[in-house]
Amino acid sequence: MSEKAKKGCEVLLLTCAEAKPGEKVLVITDDKSFAIGNIMYDCAKAYTDTTLICTEPRATHGSAPTDAVAAAMKSADVIFSATTFSLFNTTARIEACKAGARFVNMADYSVAMLEAGCLFVDFARTRSLVEATAARITGKVCTITTPAGTNLTASIEGRKAVSGFGMANKPGMAASPPDIETAVGPTDGGADGVLVIDGSIPLPGLGVLKEPVRIRVEKGCIADIAGGAEAKLLDESLKAMNDPRVYRVGEIGFGMNTGAGISGRMLEDEGVYGTLHIGIGNNLSYGGTNDTPIHIDLIMKSPTYTVDGRVVCKDGEYTDSE
């Protein structure tokens, strides 16, 4: 383990989770992400009681872990999930947090993420920006536009902001550092317009986009996907999931990590300052009823976001305009 990677693990262990000597730490990994899981294990075991569990990779983001992993999660104080696909939107994670565990999502990490700037930010200080923005993104009707051509209108009436500060330092909390964001969910069936995805789509074979993917949304669901080879691959990937619920628009999220850059990896990309992501699939965390286990983020650059006529974000910069 390089000294830089060790420092990144220490940020996760001591800043994001605030692990304490004597606490039971669980590191979950899989065959494809074992190198990352083992680095995290080596760091944590030198500090406190730590167990490493390795399984086969899950099918996609949100797929349930094995029963043995789920049982181990419920008995841990702190969980680091260094897996290929995210366990965040799973019943196992929710139940573990209900039991008092602190969950730190490390899905699809790279060594570069442990060594580079995205983890070396002032998480506590950034919280003030997240909270101030969260207070302004809710209302009745919002509109999203981008220079690439996005023009989407959505009903968000009755929906509350959901924020992630990159820290899970109290029992029951879950975080996905380096992702720092706030988000709001459209009402079920309440979004219409066009999305032009020009940042990334963190799915196998996609990642950082070479050309934009154009998506038509009708009554809250993806109705059409157009573009080049990457658009075709997204279309095929969604069809292969054999679950029509994955097409529902479930989240409008705002990235706020100034140290992050678009890399093709979900937890960094969705937190990049000046981007907006649309989450499709599971929307239970955002006030919806779409109980599919799949949640996929689509990242766009330089968004302008207005709610009830107030400009909250203009070309990727947050504004105080009323």
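Predicted model, so just to flag it, every value in this text is computed and none were measured. (Residues numbered from 1 in each chain as written. Predicted model: local features only at pLDDT ≥ 70, side-chain atom pairs only at ≥ 80, totals over all residues. Heavy atoms only, no water.)

**Describing the packing of aromatic side chains**
Logical step 1: A full pass over the atoms with the stated rule returns 3 aromatic pairs.
Logical step 2: Ring geometry for Phe-254 and Tyr-305: centres 4.8 Å apart, planes at 85°, overall edge-to-face. Placement of Phe-254 in strand β15 (residues 249-255) and of Tyr-305 in strand β18 (residues 304-307) is noted, with a sequence separation of 51 residues between them.
Logical step 3: Note that Arg-93 overlies the ring of Phe-88, its terminal NZ or CZ placed 4.3 Å from the centroid. (Phe/Tyr/Trp six-rings, centres within 6.5 Å; stacked < 30°, edge-to-face > 60°. Helix = DSSP H or I, 4+ residues; strand = E, 2+ residues; numbered from the N terminus. Lys NZ or Arg CZ within 6 Å of the ring centre and 35° of its normal.)

**Section: helix α6 (residues 123-134)**
Logical step 1: For α6, spanning 12 residues, the distance from its first C-alpha to its last is 16 Å, which sits close to the expected 16 Å at 1.5 Å a residue.
Logical step 2: The set of residues buried in α6 consists of Phe-123, Thr-126, Val-130, Thr-133 and Ala-134. With its buried residues spanning 95° around the axis, α6 presents them on a single face. In this structure, α6 carries Ala-124 and Arg-125 as exposed residues pointing more than 90 degrees from its buried face. (Expected span 1.5 Å × (residues − 1). Buried < 20%, exposed > 50% of the residue type's maximum accessible area, 1.4 Å probe, protein only. Arc of directions from axis to C-beta.)

**Notes on the pattern of salt bridges**
Logical step 1: A full pass over the atoms with the stated rule returns 9 salt bridges.
Logical step 2: Glu-218 is paired through a salt bridge with Arg-216; the nearest N and O atoms lie 2.3 Å apart.
Logical step 3: Assessed through its relative accessible area of 42%, Glu-218 is described here as partly exposed.
Logical step 4: Given a relative accessible area of 35%, Arg-216 falls into the partly exposed group.
Logical step 5: The shortest N-O distance in the salt bridge between Lys-239 and Asp-235 comes to 3.3 Å. With a gap of 4 residues between them, Lys-239 and Asp-235 both fall in helix α7 (residues 229-240), about one helical turn apart.
Logical step 6: Exposure remark for Lys-239: the relative accessible area of 53% places this residue in the exposed category. (Salt bridge = Lys/Arg side-chain N within 4 Å of Asp/Glu carboxyl O.)

**A word on the packing of helix α1 (residues 3-16) against helix α2 (residues 34-45)**
Logical step 1: Two elements in contact, α1 and α2, have axes whose closest approach is 9 Å; the angle formed by their N-to-C orientations is 65°. With respect to α2, the axis of α1 lies roughly perpendicular. The way α1 lies across α2 gives a crossing that is right-handed. From α1, Lys-6, Cys-9, Glu-10, Leu-12 and Leu-13 reach across to α2, where they touch Ile-39, Met-40, Cys-43 and Ala-44. (Axes fitted to C-alpha atoms, helices over the stretch in contact; angles between N-to-C directions. Parallel < 35°, antiparallel > 145°, perpendicular 65-115°, else oblique. Left-handed = near helix turned anticlockwise from the far one by under 90°. Contact = heavy atoms within 4.5 Å.)

**Considering the environment of Pro-147**
Logical step 1: When you line up the elements, Pro-147 lands in the loop between β5 (141-145) and β6 (151-155).
Logical step 2: Pro-147 sits in the exposed class, given a relative accessible area of 66%.
Logical step 3: Spatially, the C-alpha atoms of Pro-147 and Met-300 are 9.8 Å apart, while their sequence positions differ by 153 residues.
Logical step 4: Sequence-distant contacts of Pro-147, defined by excluding residues within four places in its chain, comprise Lys-301, Ser-302 and Asp-315.

**Digging into the sheet that holds strand β13 (residues 213-218)**
Logical step 1: Pairing is antiparallel across the open sheet formed by 8 strands, whose spatial order is β14-β13-β10-β6-β5-β18-β19-β20. With partners counted over all chains shown, the strands left at the sheet margins are β14 (221-226) and β20 (317-318), one partner each.
Logical step 2: Here 5 bridges tie strand β10 (residues 191-197) to β13, and the two strands are oriented antiparallel to one another. Its bridge partner being in β13, Val-194 is matched across the sheet by Arg-216. (Pairing = 2+ DSSP bridges.)

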